[in-house]
Structures are given as structure tokens and as C-alpha cells.
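Tertiary structure, described
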Amino acid sequence: TSTMNFGFNQSGNVSYNSEVEDTLFGLGNGVSLGWSRRGLSSGTFSSLSFNDNRAYGPIDTVFQQLLWQFTQRNALSRVSALSASATFQATRQELTLAANITYTNARTFGIYPLRFSSRWTYNKRFEDQQISALETLESDNRFDYRIGLLTTSVTFRIMTTQGGSTTESLTFTIVRAF
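Residues numbered from 1 in each chain as written. Predicted model: local features only at pLDDT ≥ 70, side-chain atom pairs only at ≥ 80, totals over all residues. Heavy atoms only, no water.

**Thoughts on the overall build of the protein chain**
- Each helix and strand in the protein chain was counted, giving 0 helices and 10 strands.
- Going from N to C terminus, the protein chain has its helices and strands arranged as β-β-β-β-β-β-β-β-β-β.
- Against the compact-globule benchmark of 16 Å for 178 residues, the protein chain has a radius of gyration of 23 Å, which places it well outside the compact range.
- Considered along the principal axes of its C-alpha atoms, the protein chain spans approximately 65 × 45 × 40 Å. (Helix = DSSP H or I, 4+ residues; strand = E, 2+ residues; numbered from the N terminus. Rg over C-alpha atoms; globule rule 2.2 N^0.38 Å.)

Structure (C-alpha cells):
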């Protein structure tokens, strides 16, 4: 099943500040286009939107944003799935790219209550038209095991930032529900 949608919005506002005796006028416009498809073992979603917001008053301001999002999910079996997503956002001040891939398994090593998830995330942001960027790569791997009201989790994370700085953490958690 596939679905496509289109949207347009427009807004306006007027505000008055009695302390400084200034009036501010605002105007916003936006347009969006979305598409999704659902199958028996997969799903896909994509959207594209553009927004333009302006304020007129003592200081005029303009904010424009272009946003693209994409998500794909595939069931690999009855107990495991692979999903991926990407986001691209551009404004006058910055450009951002984010992507992640996630694998989940609800019956790790054939053990029913043992769940595993692994997520890899990449982010890159350029600010104020600079050549340099802030860049991170993160890996998050987690095992969860539940028996009755007791849940245990082990999480191993690695994050690498621009310049090669690496942070690693290992977390062990036990939670008892009441």
C-alpha cells in the first residue's frame, strides 16, 4: 500500500510590546510532500518540506528551513529487523546530516527473553558557512533479559568525535518492577 500527501500552510500574526512601544508583524509559509509504502515485512517513509518565516518590526528576521527525511524498515525474520533512517536539514545558519542503522533481535542465540539491539549513528553539522564541521559517529549495542518483574540490561557505547576523540562506556542495569 502506497500513500502520497501534499500540504501547504500559511500563517500571520501581529504583536505589540507596550514596554518598548513596538509592533511586530510575522508571516510564515510552508509546503510539504510526503510518501509512504507499507508491505508485509517492510515499510518506507520519505518527506520533504520547506518553511519560510519572516518577522517585520524594529529588526527584520528571516528563517528558512529545508528538511528531508527518509526511513526504511525491513523484517529479516519473525524475530529480527533492520531499519535505517536519514535526515538532511538546511537553514541559513547551518547544514545538518544525520543517519542511523538499527538491528534488533527479539530472540538472541535462540533464547526467547534475550533481546539485542545495535544502533549506529552518524551526525555532521556545518555552522555559519564554515568549512569545518562537527562530526560524530556513535555505536550503541544493548542486551536486555527479562524474567518476570526483573529486567537486566548491558549496554556498550562507543562515540568518536571530530579529531579522533573516542569515548567508551559499559553500563549494567538491573530493574525490578513493583
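**Here's the deal with unusual backbone geometry**
- Although it is not a glycine, Phe-109 adopts a positive phi angle of roughly 55°.
- Among the structural elements, Phe-109 can be located in the loop between strand 6 (94-105) and strand 7 (114-127).

**Some thoughts on the pattern of salt bridges**
- Taken as a whole and assessed by the stated rule, the structure comprises 5 salt bridges.
- Here Asp-52 makes a salt bridge to Arg-54, at a shortest N to O gap of 2.8 Å.
- You can call Asp-52 buried: its relative accessible area is 9%.
- The salt bridge partner of Arg-119 is Asp-140, with a shortest N-O separation of 3.9 Å. You can see Arg-119 sitting in strand 7 and its partner Asp-140 sitting in strand 8 (residues 133-147), a full 21 residues away along the chain.
- The exposure class assigned to Arg-119 is partly exposed, which follows from its relative accessible area of 35%.
- When salt bridges with common partners are traced through the structure, they connect Arg-119, Asp-140 and Arg-157 into a single cluster. (Salt bridge = Lys/Arg side-chain N within 4 Å of Asp/Glu carboxyl O. Buried < 20%, exposed > 50% of the residue type's maximum accessible area, 1.4 Å probe, protein only.)

**Let's talk about the environment of Ala-106**
- In this fold, Ala-106 is placed in the loop between strand 6 and strand 7.
- Among all residues touching Ala-106, those that are not within four sequence positions of it are Val-79, Ile-111, Tyr-112, Leu-114 and Arg-115. (Contact = heavy atoms within 4.5 Å.)

**Digging into the environment of Arg-157**
- Turning to its location among the elements, Arg-157 is positioned in strand 9 (residues 150-161).
- Overall, the relative accessible area of 34% leaves Arg-157 in the partly exposed class.
- In this structure, the C-alpha to C-alpha distance between Arg-157 and Asn-141, residues 16 residues apart in sequence, is 6.4 Å.
- Ignoring sequence-local partners within four residues, the contact set of Arg-157 consists of Glu-138, Ser-139, Asp-140, Thr-167, Glu-168 and Ser-169.
- Side chain to side chain, Arg-157 and Asp-140 meet in a polar contact 2.8 Å long. (Polar contact = N/O pair within 3.5 Å; in protein donor to acceptor, adjacent residues only side chain to side chain.)

Fair warning: the whole summary comes from geometry, so function is off the table for now.
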